[in-house]
Amino acid sequence: MAVSIRLRREGTKNRSFYRVVVADKRSPRDGKFIEMVGDYDPRLPLENFHLDLERVDYWMTHGAQPSSTVSSIILKARKKAAAAPAQ
């Protein structure tokens, strides 16, 4: 099974937001998914995403391919995590 990490559109007309999901490549954009690993709201300024990087890394080591938009969100999340003080 080919797995991808991609955006799933939710919300109402002109007020969309997205969930970052792990899904089979053959399933429709808003269809069935395996796991939700984050969210993204393009209408918010600055911090407009939240990702569970541990789960993203797990799925990527098991062959999941992120879409181009999700790849850029992952890079931003990694920079944000590196800049945060270690606890």
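From a predicted model like this one, the values you see are computed outputs, not experimental measurements.

Comments concerning the nonpolar core
Stage number 1. If you look at the biggest cluster of nonpolar residues, it comprises 17 residues, and the most contacted ones within it are Ile 5, Val 20 and Leu 51.
Stage number 2. Secondary structure elements with two or more residues in this core: strand 1 (3–12), strand 2 (15–24), strand 3 (35–40), strand 4 (49–51), helix 1 (53–61) and helix 2 (68–83).
Stage number 3. Dropping the residues within four chain positions of it, Leu 51 is found in contact with Val 20, Val 37, Gly 38, Val 56, Ile 73, Ile 74 and Ala 77.

Observations regarding the pairing of strand 1
Stage number 1. The pairing of strand 1 with strand 2 spans 10 bridges and is antiparallel. Pairing of Glu 10 across the sheet is with Phe 17, part of strand 2.
Stage number 2. Hairpin connection of strand 1 to strand 2: two residues between the antiparallel strands, including Asn 14 at a positive phi of 65 degrees.

Quick word on the environment of Met 60
Stage number 1. When you line up the elements, Met 60 lands in helix 1.
Stage number 2. On a C-alpha basis, the gap between Met 60 and Asp 41 in space is 23 Å, while along the polypeptide they are 19 residues apart.
Stage number 3. Among all residues touching Met 60, those that are not within four sequence positions of it are Ile 5, Pro 66, Ile 74 and Arg 78.

Looking at helix 2
Given 3.6 residues per helical turn, the α-helix brings residues three or four places apart onto the same face.
Stage number 1. Between its first and last C-alpha, helix 2 extends 23 Å over 16 residues, near the 22 Å set by a 1.5 Å rise per residue.
Stage number 2. Among all positions in helix 2, only Val 70, Ile 73, Ile 74 and Ala 77 are buried. Viewed end-on, helix 2 has its buried residues packed into an arc of 105 degrees, placing them on one side of the element. Set apart from the buried face of helix 2 by more than 90 degrees, the exposed residues are Ser 68, Leu 75, Lys 79, Ala 82 and Ala 83.

Concerning unusual backbone geometry
Excluding glycine, residues mostly have negative phi values, and the peptide bonds linking residues are mostly trans.
Stage number 1. We note that Asn 14 has phi near 65 degrees; this positive angle belongs to a residue other than glycine.
Stage number 2. Among the structural elements, Asn 14 can be located in the loop between strand 1 and strand 2.
Stage number 3. Residues other than glycine seldom take positive phi values, yet Leu 46 does so here, at roughly 55 degrees.

Reading the values: rules and limits
- Along every chain, residues carry numbers that run from 1 in the direction the sequence is written.
- In keeping with the model being predicted, local features are shown solely for residues with a pLDDT of at least 70 and side-chain atom pairs are shown and tallied solely at 80 or more, while totals for entire chains, interfaces and linings include all residues.
- Think of the side-chain values as coming from all heavy atoms in the structure, minus any hydrogens and water.
- Nonpolar core, defined: a set of buried Ala, Val, Leu, Ile, Met, Phe, Trp, Tyr and Cys residues in which side-chain atoms within 4.5 Å join the residues together.
- Here the term buried applies to any residue with accessible area under 20% of the maximum for its type, exposed to any over 50%, and partly exposed to those in between, with areas from a 1.4 Å probe on protein chains only.
- By definition, any uninterrupted DSSP run of H or I lasting at least four residues is a helix, any uninterrupted run of E lasting at least two residues is a strand, and each is numbered from the N terminus.
- Here, residues are in contact when the closest pair of their heavy atoms is within 4.5 Å.
- Any two strands with at least two DSSP bridges between them are considered paired.
- A helix is expected to span 1.5 Å for every residue after the first.
- The directions from the helix axis to the C-beta atoms are what the arc is built from.

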